[in-house]
Amino acid sequence: KRRKTSESNEEIEKRLESLICRVGEKSSSSLESNLEGLAAVLEADLPNFKPQILHILVLCSYQLPEKCSIYSTLLGLLNVRNYNCGAEFIEMVYCEMKRLIVINQFNMARYILQFIGDLVNSSVVTPSSMMGLLGAFADVTKQEGVPQSRKDWFVYVLMAALPWCGSILSEKKGNEMETLFSKLHKYVSNRNKDHHKFLRVWSSDDPHPQEDYVECLYAQICKLREDGWIEDIILRPYRAFQPVLADALQHNLPQFIPPPHIAGSTVYPLPKVIFRMFDYTDCPEGPLIPGNHAIERWLIEEHLSCLTRSYKYDKKECANRLLAIPGRDKMPLNHMIIETLLGDMFRLPSSPNPQVFYMAVFIELCKIQPSMMPQVLALASDMLYERLDTMQITCIDRFVNWFAQHLSNFQFRWSWDEWSDCLTMDPAMPKPKFIREVLEKCVRLAYHQRVCEIMPSEFQALLPSNPKIEFKYAIEAGSGSSEELNADKTTAQKIISAIKNKGKDDELIVMLDVIKPHSDGSEFNVKRLEIFLQSLLFLAQKSFSHSFSALAKFHKVIKWAADGEEGKIESLRILQDVWRNHPQKIGVLVDKMLRMQIVDCSSVAKWIFSPEMASDFTRLYTWEIMHATIRKMNKHLAKLEGEMAEMRERAAVAEKKDDCDENDDMMKGFNLFAPNEDDLRMMQEKVDAASSDQKKLFLIIFQRFIMILSDHLVRSKSLGCDYKTPWFKNTIQRLGEIFLLHKDTVVKFMMTLENLLFTSDLDPHILTIFQQFSSISR
Amino acid sequence: DRVHQEKLLQLSTTLYVGNLSYFTTEEQIYELFSKCGDLKRVVMGLDKFKKTPCGFCFVEYYDRVSAEDCVRFINGTRLDDRVVRTDWDAGFKEGRQYGRG
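Residues numbered from 1 in each chain as written. Chains lettered and ligands numbered in written order. Predicted model: local features only at pLDDT ≥ 70, side-chain atom pairs only at ≥ 80, totals over all residues. Heavy atoms only, no water.

*Asks:* Would you take a moment to explain helix 5 (residues 106-121) of chain A for this structure?
*Replies:* It helps to recall that an α-helix has 3.6 residues per turn; residues three or four apart then point in one direction. Residues and elements named next belong to chain A. Helix length check: helix 5 (16 residues) gives 24 Å between terminal C-alpha atoms against 22 Å at 1.5 Å per residue, within 8%. For helix 5, the buried fraction is high: 14 of the 16 residues fall into the buried class. Phi turns positive one or two residues past the end of helix 5, at S123, with a value near 55°. (Helix = DSSP H or I, 4+ residues; strand = E, 2+ residues; numbered from the N terminus. Expected span 1.5 Å × (residues − 1). Buried < 20%, exposed > 50% of the residue type's maximum accessible area, 1.4 Å probe, protein only.)

The structure is reproduced here in structure tokens:
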């Protein structure tokens, strides 16, 4: 086609980018003719736009990994036409791979290696130099004094490239492949696997083994090799161009020196445990699901994961792309999609996308395939329910949240009767607990009566209580109450009318000041706080907004009545007492009270471990509050640290300017506002205070965990009963969860924890959690 | 002025939420919308005369990314069997909670 003369360079670049990025998408002509056409266009533009074209191709090589072999074929065709351009591309892509490793973009670097491997197939790269590159990756396992996560990454990435280039390398370089595999075998069989227990979704291998990711891929690659490298998932467009590509001159890759490990700044990907929930018996109709060690299983999962990464901002496009992957007739696609998405959703410590993403994509999938997807999703939910007993608590929480929200999107329709086995169990067991938590979340998303109506009557015992307020000083309640309580009720009524009559802070303080403390002689005046806070929350019960403005309006009174550590913990206890039927209210109000500095993070932790909270200790809302509190603490510190860094920078700039532009009036003006030493010192004090609060918070949490767990273990032993109660399992997992969900913070305190709390004389059941965590933070 | 408005929208952490049932409560809004991050406040849309909920609200997040996730993922899902619609809003101002009567 002749080019319009008016097209600017910028327009041409845009057009080239769009042409290159779109190749391999839906088109009326064949992929082969599109590739040939594109190669011709690019060849014509190479003289004028070589750097731009090569740059776009480099980006495509790792940003569109699902089209890997399409681009490797394109490169092959270009290399045949223009040998130099092939050489330059290799040089650029090589640099890019190193750069990505250095800046911790390991996943992208991984796709480049796979792409370079595929260039052997399209006759751009020589097999022997590719062997050399893989060898260099394998030799990282021999390095000493580097973390296992580094070796894992190099080995995993090298294995991940083999489905693409293994066949041709075995054919051309059989002996070297033999050596490579013996290196792999040696590494994989001697690897430490302490992390495995900590990161698996289920503690049991029944019905499906929960394999370590390096071991699983190794087994899959070995099987692929035994099968003569034959698989039918990877698209291989270069095969059609074999005669053309055969004449190409191939390039030798330069020698590869792995970028060094830099302690403290290189952050390798965390180890993973492979999530499996289906096998061939679960999808008896249609094509079989590939076995655990079939490379097809891994290839399909990889393709699906790529799509959820590329389309993570667009739930509709994501769902459509997932359902349209090439080769979809050769596999039970719906099962594979759901297994992959659930695997990501349950990934520990955190899933690749936010939880709401998975919720939204499942809904989209159900909309696109209303006759099939809901069934498979129901099957999956049923399996997850059946396996609750061995499921990690963090994953159960995610399951609860997703399932309740999914139900709320589909009129709460579910065949509850099939889950009636939970009705005869100890209510502390995972299944009844799960149902209870799901129903509670359903009530929050709808309303109490609706949930009561949808549930079969047998499930009544698991229904959440009606979320109404429990006001201790209600006049009508308990006519036979004690004299003291009756007197308190009268006081509460006075407070209530004072608030209603728009009483000011100080008037209320005067009224409250006359309240005598409880007769037990404790120093802190609990009664005063209780009467006031109960009355205030009672008056403001109508909505969150009412409660918020009540707290804001009487902030001064609360701070006065709830003075000191004990006052803060008591405020939380009173809040929980008033709203014990309404956990959402407790959560939202604790958040508000933290932000208003009525309570602080440590007091929240102490309250959660207090005897008054024992009955709610294993409930989901309690742990939502705990984690939200920790996150708030971490965020607060990060914000202050950010401000400090910015202040230092401004001070440094000002100092520099001071040196060189002494006569510049404007600069002098600027320097007037630059932070001085006092500002810096004050800011540093704030940072230090927050930093020590953060450490204190974690120490309190861990110390309380150790106390209650040790108590339980000692008591079980002396009574001669089994320590493995539902409470114990729950609590020990919550301890692990604190490590897991806040690992980046906890690692700062490892030394202190090891020397102060997790000492060798601790019961091994507790100590093991710390040791497992140490293994992933290495 | 339009440029200014657009700039506000690009930094905003507030969303206008429409197509709600008149019976949907502030608590339900809190539950659904905090799935994307901590909420700063929710302002229920009220009927000008009756001062009762009338099918919309404003939600304000602490962080921009929470609001973005909300537009991406909560938008188009259901609450009280109605499809929730979210739109960027330049920021709530007193008085805007009153809908047409």
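Next, the rest of the story.
*Asks:* When you look at the packing of helix 10 (residues 213-226) of chain A against helix 12 (residues 295-310) of chain A in this model, what are you seeing that I'm missing?
*Replies:* Two quantities define a packed helix pair, namely the angle between the axes and the distance from one axis to the other. All names here are of chain A. Where helix 10 meets helix 12, the closest approach of the two axes is 8 Å, and the angle between their N-to-C directions is 125°. Comparing their axes, helix 12 and helix 10 come out oblique. Of the residues in helix 12, those touching helix 10 at L217, Q220, I221 and L224 are I295, R297 and W298. The class makeup of the residues in the contact of helix 10 with helix 12 is five nonpolar, one polar and one charged. (Axes fitted to C-alpha atoms, helices over the stretch in contact; angles between N-to-C directions. Parallel < 35°, antiparallel > 145°, perpendicular 65-115°, else oblique. Contact = heavy atoms within 4.5 Å. Nonpolar A, V, L, I, M, F, W, Y, C, P; charged D, E, K, R; others polar.)

*Asks:* Help me understand the side chain of H582 of chain A in this model?
*Replies:* With respect to the helices and strands, the residue H582 of chain A is situated in the loop between helix 25 (564-578) and helix 26 (583-595). Residues in contact with H582 of chain A, not counting those within four places in the same chain, are P467 of chain A together with E27 of chain B.

*Asks:* Which parts of the structure should I look at to understand the sheet that holds strand 6 (residues 85-89) of chain B?
*Replies:* In a beta sheet, neighbouring strands are held together by backbone hydrogen bonds and run either parallel or antiparallel to one another. Residues and elements named next belong to chain B. Taken together, five strands build an open sheet; the order of strands is 6-1-3-2-7 and the sheet is mixed. Each edge of the open sheet carries a strand with a single partner, namely strand 6 and strand 7 (98-99). Alignment of strand 2 (residues 39-47) against strand 3 (residues 53-61), held across six bridges, turns out to be antiparallel. Residue L39 lies in a different strand from strand 3, and its bridge partner there is Y61. (Pairing = 2+ DSSP bridges.)

*Asks:* Is there a simple way to explain the side chain of E66 of chain A in this structure?
*Replies:* Residue and element names in this part refer to chain A. By secondary structure assignment, the location of E66 is in the loop between helix 2 (31-63) and helix 3 (68-81). Despite its burial, E66 remains without a salt bridge, the nearest opposite charge being carried by R321 at 5.7 Å. Filtering out sequence-adjacent residues up to four positions away, E66 remains in contact with H303, C306, L307 and S310. (Lys, Arg positive; Asp, Glu negative; His and termini not counted. Salt bridge = Lys/Arg side-chain N within 4 Å of Asp/Glu carboxyl O.)

*Asks:* Any chance you could explain the interface of chain B and chain A here in plain terms?
*Replies:* How big an interface is tends to be reported as the loss of accessible area on association of its parts. Listed per partner, the contact involves 24 residues of chain B and 35 residues of chain A. Taken together, both faces of the contact between chain B and chain A bury some 2400 Å²; the carbon and sulfur share is 45%. When the buried area of chain B at its contact with chain A is split by residue, E27, E31 and F73 of chain B rank highest and sum to 27% of it. Across the chain B-chain A interface, the total number found is five salt bridges. The salt bridge involving R450 of chain A is made with D81 of chain B; its shortest N-O contact spans 3.2 Å. Connecting chain B to chain A are 14 residue pairs in polar contact (both at pLDDT 80 or more). Of all the elements, helix 2 (residues 26-33) of chain B adds the most residues to the side of chain B that touches chain A, at six residues. Split by residue class, the side of chain B that touches chain A holds eight nonpolar, four polar and twelve charged. (Buried area = accessible area lost by both parts, 1.4 Å probe. Polar contact = N/O pair within 3.5 Å; in protein donor to acceptor, adjacent residues only side chain to side chain.)

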